[in-house]
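# Structure at a glance
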Amino acid sequence: NAVEGMKPDAPLIHPDLHTYKVAPIFHPVPHTNISHHYKLRKGDVDKAFEACDVVTENTYYIPHVQHVPLEPHCAVAQYDLDGKVTVWGSIQSPYAVRQALSAAFDIPLNKLRVISPHVGGGFGAKAGTTLEGIIIPLARRNRGRPVKLNYSREDEFENSYVRQGLHCRIKTGINRDGKIQAVKNEFVWDGGAYTEYGVNITKAGGWASAGPYDIPNVWTDSYCVYTNHPVGGPYRGFGMCEIHFAIEQNIDEVALKIGMDPAQVRRINGLRPGGVTGTGEVMEVSGFHDCLEQVLEDIEYDKKPVDPSPTRKRGKGVAAGWKSPSQPTNAGSSAIIRMNEDGTFILMTSGQEIGQGSETALTQIAAETLDVDPALISCRFGDTDHTPYEWQTVASRTTYCAGNAIKLACEDLKNKILDLAQIKLGAYKRDLEFRDGFVAHKLYPDRKVPLSDFALGLSFPDGSGVGGPAIGVGCFTLENNLNVDHDTGMGSHPAAFWTIGCNGAEVEVDTQTGHIKVLKMVSCFDAGKVINPLTYTCQSEGAMVQSLGTALFEELKLKDGKVLNKSFVDYKIPTADDVPELVVKYVEHPEPTGPYGARGVGEPLMVPGAPAIANAVYQAIGVRFRRMPITPDDVLKALREQQENEKG
């Protein structure tokens, strides 16, 4: 495992690691298995511990899990006789795949086309390259003929990326008044045999390691370690689900040590506007407390659950969580919108639809900006020869980044049309506006012209014209996304935004069988602005069920680096029978830099689910489980040990 892999005498997976060329933000340790060491040093942790009333230390373990999208990986490659290569695949990020394949096979970008249609689920597994690199050499030997490779379900478990395992140790200093003064974290990530996104997850976990709390002294060492396990890659939450399983159980544990309710400890320490994160960033916007109070209300936290029988115990738990997009400053987005002659529109973006509803949200942003019916807009995406550049569909960034680019493209189109409309309507541009498919005068609404009149520019009776086909272009990048300091991990603005929220859970534990039934889960997040309430609700419900799966069922069983449970017969995920009552709420504190105030929510919604369930299990039976999943065998074993300790 990763802890063994860190030892000085451990066999080296990559003996030449010290010679590898790596990005400057990553710091491998030469002649070890450590592919990246992220450090965070805020304040004086040791001094703070000495002054604290209570100091605790707890360890947790999170195993590998699989993404298990319903659609397995599939790709087709074809070499044309002129050297042009086309790749079709189930791909989250066509431009990132194009860049990787270009570098790997020395193919000029203008000779490489990547096409991705709608993707049947990704959750991070389809963010980078997987089987595309296998079929390109085969296609090169069979020019003019497509070569296809489709993973079986067993292939998915063995050859696709997995969510990394994590060994976590948290030392906490807290005073009797509930104020946390210091935390010291050690995160050891099981990166697998090769470093894919694992090093970036290690970095993201490091800078988020204080959780959504205002803690003056923070020390974190986050390590990514090579092992003989499957390759660790991005999974919904990008490390946040893993670290928060530890962070949020730890909050409950330290609350118990000082005799204070865990919800009150969260109230005292939760980030408020003006609060300071672990990296030293000042939070301009934070809906933490609004989300917490809403979840406490919806789970009826102050109402003690009634056990239905002496052998069936019930409990409630809450947990908070946060996430930011882990992306570089040059993670740009671009968009093109074209108006057709009949006043309909083609919106072109490479923000990929992978089942999360981005096509709907992005169309809505365009329709809102142009003040037209969304039905008039058709979206095109996922073709590097025809749709404009998008860094990747990861990091819960599509609504934010692609949405900003689309808003700018629509504003560009509006500006061009208004330039023409002032000529046609004989009015100042400042007095004109887009209104329900027309350009209308603000003061004289009857003076209006359909947008379609400007689709090809203006023509005049003398045969002259002005303008031309109506097209708008928008580009967006993170202008103020600043790297953190390598030695301290401190930075004034390392992330575009932070999405914060809470989950609550009520469970019933059968003490005779060990079975845990989740009765109810509630969620409330600060979404900035919800673009589409229905898709938001679907995202939130899916996130809660997915977190339930990791909390109670899912674990990739490994022996000598080999996967033992590589099918749905042996690897369990939630079914309809496991879905509890789900309550979804949200608050809206607008993101100043987001389109119409929106920020990304798709991944953060999953983050607090598993620890909320674990905290509820503790309240039900008085046993703390510091690893997931919490299985019936684990419950029965722990209850037996509890009884033996009480007798002894």
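Refer to the structure presented above.
What counts as what
Residues numbered from 1 in each chain as written. Predicted model: local features only at pLDDT ≥ 70, side-chain atom pairs only at ≥ 80, totals over all residues. Heavy atoms only, no water. Axes fitted to C-alpha atoms, helices over the stretch in contact; angles between N-to-C directions. Helix = DSSP H or I, 4+ residues; strand = E, 2+ residues; numbered from the N terminus. Parallel < 35°, antiparallel > 145°, perpendicular 65-115°, else oblique. Left-handed = near helix turned anticlockwise from the far one by under 90°. Contact = heavy atoms within 4.5 Å. Nonpolar A, V, L, I, M, F, W, Y, C, P; charged D, E, K, R; others polar. Buried < 20%, exposed > 50% of the residue type's maximum accessible area, 1.4 Å probe, protein only. Polar contact = N/O pair within 3.5 Å; in protein donor to acceptor, adjacent residues only side chain to side chain. Pairing = 2+ DSSP bridges.

Moving on: the packing of helix H12 (residues 533-552) against helix H13 (residues 609-621). Their axes nearest at 8 Å, the elements H12 and H13 cross at an angle of 55°. With respect to H13, the axis of H12 lies oblique. Crossing of H12 against H13: the hand is right-handed. Taken together, the residues of H13 that come into contact with H12 (itself represented by Ser547, Leu548, Thr550, Ala551 and Leu552) are Gly609, Ala610 and Ile613. In terms of residue class, the contact of H12 with H13 is made up of five nonpolar, three polar and no charged.

Locating Gln539 in the fold gives a position in helix H12. According to the relative accessible area criterion, Gln539 is buried, its value standing at 17%. A distance of 3.2 Å separates a polar side-chain atom of Gln539 from the backbone oxygen of Gln356.

Another point: the pairing of strand S2 (residues 54-62). Of the two faces of S2, only one is covered, namely that formed by Val54, Thr56, Asn58, Tyr60 and Ile62; the face formed by Val55, Glu57, Thr59 and Tyr61 stays uncovered. Pairing between S2 and strand S9 (residues 165-174): nine bridges, direction antiparallel. Note that in S9 the partner of Val55 across the bridge is Gly173.

Turning to the environment of His73, a few remarks are in order. Structurally, the position occupied by His73 is in the loop between strand S3 (65-66) and strand S4 (74-79). Taking relative accessible area as the criterion, His73 reaches 1% and is therefore assigned buried. Between the C-alpha atoms of His73 and Leu149, which are 76 residues apart in sequence, the distance is 8.4 Å. Setting aside residues no more than four positions away along its own chain, His73 makes contact with Ser90, Ala125, Lys126, Thr130, Leu131, Leu149, Asn150, Tyr151, Glu156 and Ser160.

Strand order in the open sheet made by the four strands is S12-S22-S23-S26, with mixed pairing throughout. Looking at which strands have only one partner, the edges of the open sheet turn out to be strand S12 (312-323) and strand S26 (581-587). Recorded for the sheet is a direction-independent mean angle of 15° between the axes of neighbouring strands. Two strands pair when backbone bridges link them, and strand S23 (residues 516-526) and S26 are joined in this way by seven bridges, in the parallel orientation. Bridging from a neighbouring strand, Met521 pairs with Leu582 of S26. Where H13 meets the sheet, its contacts fall on S12, strand S22 (499-510) and S23, and the angle it forms with S12 comes to roughly 150°.

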